[in-house]
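Here are the chains, one letter per residue:
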Amino acid sequence: MTNRLFAADPASDPFGPTVAYGTDIHQDTGSEIDRLVATHCCFCGQQCAMHLKVKDNQVIGVEPRYDFPFNQGKLCPKGVKRYLQNGHPDRLLHAYERNPNAPGGFSPIAYEQAIARVAAEIERIQGQYGRDAFGLLSGASLTTEKTYLMGKFARVCLRTRHIDYNGRLCMVSAAAGNKKAFGVDRAANPWSDIVGAEVVWVSGANVAECAPITTDYIWQAREHGAKVVVVDPRLHPLARTCDLFLPVKPGGDVVLFNGTLRLMSQHDWLDHALRLTHTAGFEAVAESVREWTPARTAQVTGIAEKAIRQAAEWWGMAKTSFLMHARGIEHHSHGVQNVLGAINIVLASGRIGRPQCGYATITGQANGQGGREHGQKADQLPGARDIDNPEHRAYVAGVWGIEPEDLPPSGVDAYELFRKIDRGEIKGLLSICFNPLVSLPDNNYVRAQLEKLEFYVAIDFFLNETARYAHIVLPGSQQEEDEGLVCTAEGRVVKINQAVECPGEARQDWRIIQDIARALGRERGFTFNNPGEIFGELRVASKGGTADWSGITYEKVERQNGVFWPCPDEDHPGTPRLFEPGSWNPVAQGKGPFYFPDGRARFNVATYTPPAEDVDEKYPLFLTTGRVIGQFLSGAQTRRIGPLLDPYPEPRLEMHPALAQKLGIADGDPVTVESRRGSMTLQALVLNTIRPDTVFIPYHWAGRQSANQLTIAAQDPISKIPEYKVCAVRVRKGES
């Protein structure tokens, strides 16, 4: 038996992407293993628990882990096959430097030589153009220890203001809305509160494909008698099993929420006790939604008036309920307004802070929650502190042993960072765990900016599409090659345990960052020996913040199967459910359950504005983008795993039969989709589960198969999230 992976149709390029399948030892169920390692999945924010099977320093399979309360042994296809990324033929085993004459465009280089060049280029660029001429882009699939270190590295070692992360493309509209309404950014309830709720409302979330284990909770609720309401332009798998499907026109979500609140007010389906004692701002919101009559709401959303009334009645009259949403309402140029509209109907119902009464946002990335709490976001410091708040700056500066005035101010979002490259303000870039050439909208623009950089270094374990523009590539670590903490969609902090060592000359990411700091001669504060030491400092840095992890320890996480933050001391059990009556937080300090000085939640007027790019005669169709079950984000990992790629090997254009007939297109025909930014040709997938005025493309592919050639770079003015969910396109029958 060998321990190798079979690569189907291997590319001549040594960096792939090679499609890999398990053979020999992977398929030999009787093979003895060296150990089982209890850990969690490397993909989405559900963070399902699993055991990794290890033999000869390679992960060769997974086994269910029944002790973890969230998934209780259940896994989706990505979790089952995630082990195939370990030992993959495309794995980066050395440092590389750009060499156009070498296979794949890169030649191996000694690791220490690569680190020395990175340090020299950082010094050159910052010395010639100023500290802020060097930027960093980090990732939300890193452990929290690494995200903390990245923020500290940017602000203390490089002293640049320019760091942001790929969560900017995921959770920031939800985060901004939650902070405006609740004063804190976290799911209010554990998923166990879904079961037993009378109504479960899911907006903009293809749960069955993007967060499959969450589907089980919703179905359990339905088995207990819940009515399930699903809002989406597509009749996705969960929608096919719901009690009421509302096929919203892309961009119309806030109107639906406002129309629902108007009906709730009209029929007095309101919790006046919570409104009067623990909220503020209802009167202004009630006045603002008066214009959204059922008829007008139906006109703008494209949903039948009868269905709108039914949804409002079920929601308004329920005794218990749970509302959850994801990128479908957040990926808009008014994404924060959509989120505020959702929260308004939750607060008006009064059903929050109690069992089976909740609200949550479905986190996309493995550490999408923890990754935005502790310092790698452009405007944030550890503990979810505000980098421009003098008190917050002083506290964190004290932890880091620097003067507050030496901390840079807030930076800019990830897309604006590329605009700064375009303007010549940023000359150098370091990225880790981020593939912006596939992930960012209008990616032909992004490509042009990568070509302008004087120096770019990428840290990753595969050579993703963006890293092909790097001058130096440093071989980082996969999740199973390190340990640390991540925070799940529920707000539960769990531990990733190391299963294998890094292969070849690859290094754990935090070691690479410290090696760069040492080569710069700026190693003070970057001499940690292990992730536990980094976490020890993070605990202190988070203490007293809204995201307080100071009472969390590795041992406590393992003992309790996770700890929900906030957890302000080691005797505190954690906080599974926020906003419970009588609860205490460091902002309200006993005056109420919400994270404002008076303890009251805020209603916020949620304003409707049309999409940045509406349809017209020239571009008459809405394009919306999203995920398919076997793929994840930019596909840098999942497009290399054969069993995940095979069911959906390339992107297809979903379109309604009525639209297909009008355009003379049959299922499987090549079709060309054009926007004002680009065009692509792909295969038609004709089905009746999408609105006739809307087409859909999954976004996991690169190059000429990338949906983000078409998308618009319009951003929410508050969260700066791009408007992935709606732009105007035209479609015609293409050539093979």
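Conventions and cut-offs
Residues numbered from 1 in each chain as written. Predicted model: local features only at pLDDT ≥ 70, side-chain atom pairs only at ≥ 80, totals over all residues. Heavy atoms only, no water. pLDDT = per-residue confidence, 0-100. Contact = heavy atoms within 4.5 Å. Helix = DSSP H or I, 4+ residues; strand = E, 2+ residues; numbered from the N terminus. Expected span 1.5 Å × (residues − 1). Buried < 20%, exposed > 50% of the residue type's maximum accessible area, 1.4 Å probe, protein only. Pairing = 2+ DSSP bridges. Phe/Tyr/Trp six-rings, centres within 6.5 Å; stacked < 30°, edge-to-face > 60°. Axes fitted to C-alpha atoms, helices over the stretch in contact; angles between N-to-C directions. Polar contact = N/O pair within 3.5 Å; in protein donor to acceptor, adjacent residues only side chain to side chain. Parallel < 35°, antiparallel > 145°, perpendicular 65-115°, else oblique. Left-handed = near helix turned anticlockwise from the far one by under 90°. Nonpolar A, V, L, I, M, F, W, Y, C, P; charged D, E, K, R; others polar. Salt bridge = Lys/Arg side-chain N within 4 Å of Asp/Glu carboxyl O.

### Considering the confidence of the model for the protein
Residues with a pLDDT of 70 or more make up 98% of the protein, whose mean pLDDT is 96. Low pLDDT, under 50, characterises residues 1-11; the stretch is placed with 32 contacts to residues that sit more than four places away or in other chains.

### Focus: helix α11 (residues 305-317)
Over its 13 residues, α11 runs 18 Å from end to end, which matches the ideal 18 Å to within 8%, given 1.5 Å per residue. Residues of α11 that are buried: Ala 307, Ile 308, Ala 311, Ala 312, Trp 314, Trp 315 and Gly 316.

### Description of the pairing of strand β25 (residues 621-626)
Buried residues dominate β25, accounting for six of its six residues. The side-chain alternation of β25 yields two buried faces, one formed by Leu 621, Leu 623 and Thr 625 and the other by Phe 622, Thr 624 and Gly 626. Here three bridges tie β25 to strand β30 (residues 727-733), and the two strands are oriented antiparallel to one another. The residue bridging Leu 621 from the neighbouring strand is Val 729, located in β30. Of the pairings in the sheet, the one linking β25 to strand β29 (residues 694-698) comprises five bridges and is parallel in character.

### Description of the packing of aromatic side chains
All chains considered together, the criterion is met by 21 aromatic pairs. With centroids separated by 6.4 Å and ring planes inclined at 70 degrees, the aromatic side chains of Trp 191 and Phe 322 adopt a geometry described as edge-to-face. Taken together, the residues Trp 191 in the loop between α4 (172-182) and β10 (199-203) and Phe 322 in strand β14 (residues 321-325) connect sequence positions 131 residues apart. Here Trp 191 matches Phe 322 in class, with each residue buried.

### So, the sheet that holds strand β20 (residues 472-475)
On the basis of which strands lie adjacent, the open sheet formed by seven strands has the order β7-β6-β20-β19-β18-β8-β9 and mixed pairing. Only two strands of the sheet have a single neighbouring strand rather than two, namely β7 (106-109) and β9 (163-165). The sheet shows a mean angle of 20 degrees between the axes of neighbouring strands, direction not considered. Bridging between strand β18 (residues 428-432) and strand β19 (residues 455-460) involves five bridges; their strand directions are parallel. Counterpart to Gly 428 in the pairing with β19 is Phe 455.

### Considering the side chain of Arg 372
As for its position among the elements, Arg 372 is in the loop between β15 (357-361) and β16 (380-381). Among the polar contacts made by the side chain of Arg 372, one reaches the side chain of Asp 185 at a distance of 2.6 Å. At a separation of 2.7 Å, a polar atom in the side chain of Arg 372 contacts the main-chain carbonyl oxygen of Gly 368. Apart from residues lying up to four places away in sequence, Arg 372 is in contact with Tyr 165, Met 171, Ala 175, Asp 185, Lys 377 and Gln 380.

### Comments concerning the packing of α4 against helix α13 (residues 335-349)
Where α4 contacts α13, the axes come no closer than 8 Å and their chain directions differ by 45 degrees. With respect to each other, α4 and α13 are oriented oblique. Judged by the twist between their axes, the crossing of α4 over α13 is right-handed. Counted together, Ser 173, Ala 174, Ala 176, Gly 177, Asn 178, Lys 180, Ala 181 and Phe 182 of α4 and Gly 335, Val 336, Val 339, Leu 340, Ile 343 and Leu 347 of α13 form the full contact between these two elements.

### A short note on the packing of helix α2 (residues 111-129) against helix α18 (residues 509-519)
The interhelical angle for the contact between α2 and α18, taken along N-to-C directions, is 60 degrees, at an axis separation of 9 Å. In this view, α2 runs oblique relative to α18, as classed from their interaxial angle. In this structure, the crossing between α2 and α18 has a hand that is right-handed. Each of Tyr 111, Ile 115, Val 118, Ala 119 and Ile 122 in α2 lies in contact with α18, whose residues at this interface are Arg 511, Ile 512, Asp 515, Ile 516 and Ala 519. Class assignment for the residues of the contact of α2 with α18 results in eight nonpolar, no polar and two charged.

### Here we look at the pairing of β15
With respect to burial, β15 is a largely interior element, five of its five residues being buried. Neither face of β15 is left uncovered, since the one carrying Cys 357, Tyr 359 and Thr 361 and the one carrying Gly 358 and Ala 360 both have all their residues buried. In this structure, β14 lies alongside β15, joined through five bridges in parallel fashion. Its bridge partner lying in β15, Met 324 is registered against Ala 360.

### Things to note about the environment of Pro 247
Along the chain, the position of Pro 247 falls in the loop between β12 (244-246) and α7 (253-266). With a relative accessible area of 25%, Pro 247 lands in the partly exposed category. Considered as a pair, Pro 247 and Thr 553 are 306 residues apart in the sequence and their alpha carbons are 45 Å apart. Pro 247 has contacts with Asp 232, Thr 301, Gly 302, Ile 303 and Arg 691, leaving out every residue within four places of it along the chain.

### Points about the sheet that holds strand β3 (residues 35-40)
Strand order in this open sheet of three strands is β3-β4-β5, and the pairing throughout is antiparallel. Unpaired on one side and paired on the other, β3 and β5 (58-64) mark the two borders of the sheet. Geometrically, the sheet is characterised by an average inter-axis angle of 35 degrees between neighbouring strands, direction not taken into account. As defined by bridge partners, strand β4 (residues 49-55) adjoins β5 across six bridges and the pair is classed as antiparallel. Across the sheet, Leu 52 pairs through a bridge with Val 62, a residue of β5.

### Side note on the pattern of salt bridges
Inspection of every chain in the model, using the stated rule, returns 42 salt bridges. Within the structure, one salt-bridge network assembled from shared partners comprises Glu 416, Arg 419, Lys 420, Arg 423 and Glu 425.

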